[in-house]
Amino acid sequence: MEMGIFYVGGSFYAWRNVCPHAAAPVCKGLINGTTLPKDVYEYEFGRENQILRCPWHGWEFDLVNGHHLAPDSNAKLRGFEVKVEDGQLYVMMS
Ligand code: FES
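Keep in mind that this is a model prediction, so the values were computed, not measured. (Residues numbered from 1 in each chain as written. Predicted model: local features only at pLDDT ≥ 70, side-chain atom pairs only at ≥ 80, totals over all residues. Heavy atoms only, no water.)

A word on the nonpolar core. One recurring pattern in soluble globular proteins is that nonpolar side chains are buried together. Ranked by size, the top nonpolar core spans 13 residues in total, and within it Phe6, Trp15 and Val26 carry the most contacts. Those elements giving two or more residues to this core turn out to be β1 (3-8) and β2 (11-16). (Core = buried A, V, L, I, M, F, W, Y, C linked by side-chain atoms within 4.5 Å. Buried < 20%, exposed > 50% of the residue type's maximum accessible area, 1.4 Å probe, protein only. Helix = DSSP H or I, 4+ residues; strand = E, 2+ residues; numbered from the N terminus.)

For the rest of this paragraph, the subject is the UniProt feature "domain: Rieske" (unreviewed entry) in the protein chain. Here the UniProt-annotated "domain: Rieske" (unreviewed entry) positions come out as residues 1-91. The span residues 1-91 carries 0% helix and 45% strand; its end-to-end C-alpha distance comes to 13 Å. (UniProt positions renumbered as here; feature names shortened; annotations may be inferred.)

This brings us to the sheet that holds strand β7 (residues 88-92). The strands that make up a sheet are held in pairs by hydrogen bonds between backbone atoms, and each pair lies either parallel or antiparallel. Taken together, the four strands give an open sheet; going across it, the order is β1-β2-β6-β7, and neighbouring strands pair in antiparallel fashion. Every interior strand has two partners, whereas the edge strands, β1 and β7, have only one. Strand-to-strand twist across the sheet, computed as the mean angle between neighbouring axes with direction ignored, equals 30 degrees. Taken together, the five bridges between strand β6 (residues 79-85) and β7 define a ladder with antiparallel strand orientation. The partner of Val82 across the bridge, within β7, is Val91. (Pairing = 2+ DSSP bridges. Axes fitted to C-alpha atoms, helices over the stretch in contact; angles between N-to-C directions.)

Attention now moves to the pattern of salt bridges. Per the counting criterion, the structure on display carries three salt bridges. Between Glu44 and Lys38 there is a salt bridge, with the nearest N and O atoms lying 3.0 Å from each other. You can call Lys38 partly exposed: its relative accessible area is 42%. In this structure, Arg47 engages Asp62 in a salt bridge whose closest nitrogen and oxygen atoms are separated by 2.9 Å. On the criterion of sequence distance, the pair formed by Arg47 in strand β4 (residues 45-53) and Asp62 in strand β5 (residues 60-62) is long-range, its members being 15 residues apart. Among the residues examined, Arg47 registers a relative accessible area of 29% and is labelled partly exposed. With a relative accessible area of 7%, Asp62 lands in the buried category. (Salt bridge = Lys/Arg side-chain N within 4 Å of Asp/Glu carboxyl O.)

In structure tokens form, the structure reads like this:
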């Protein structure tokens, strides 16, 4: 089983390396921001370095909570609890 460990906003997050869309190795995707919800014909880019884009079809996922960013989508990355103790990083696999 593969996972990606990401450092976002001062915290670590561990996500399984399987996209919920079609099982791509999602953790090999680009980390970037996204276009924020705005009025029609208005565009604003934000959330820099908080979004993971799947390398196969471009679905975007929030690296903090794993949610797919599309409206009304219930897709979500599967993740694991991460703890940092005494300078060591632990991923809870249960
Ligand atoms: S497999 Fe990830 S978006 Fe399709």
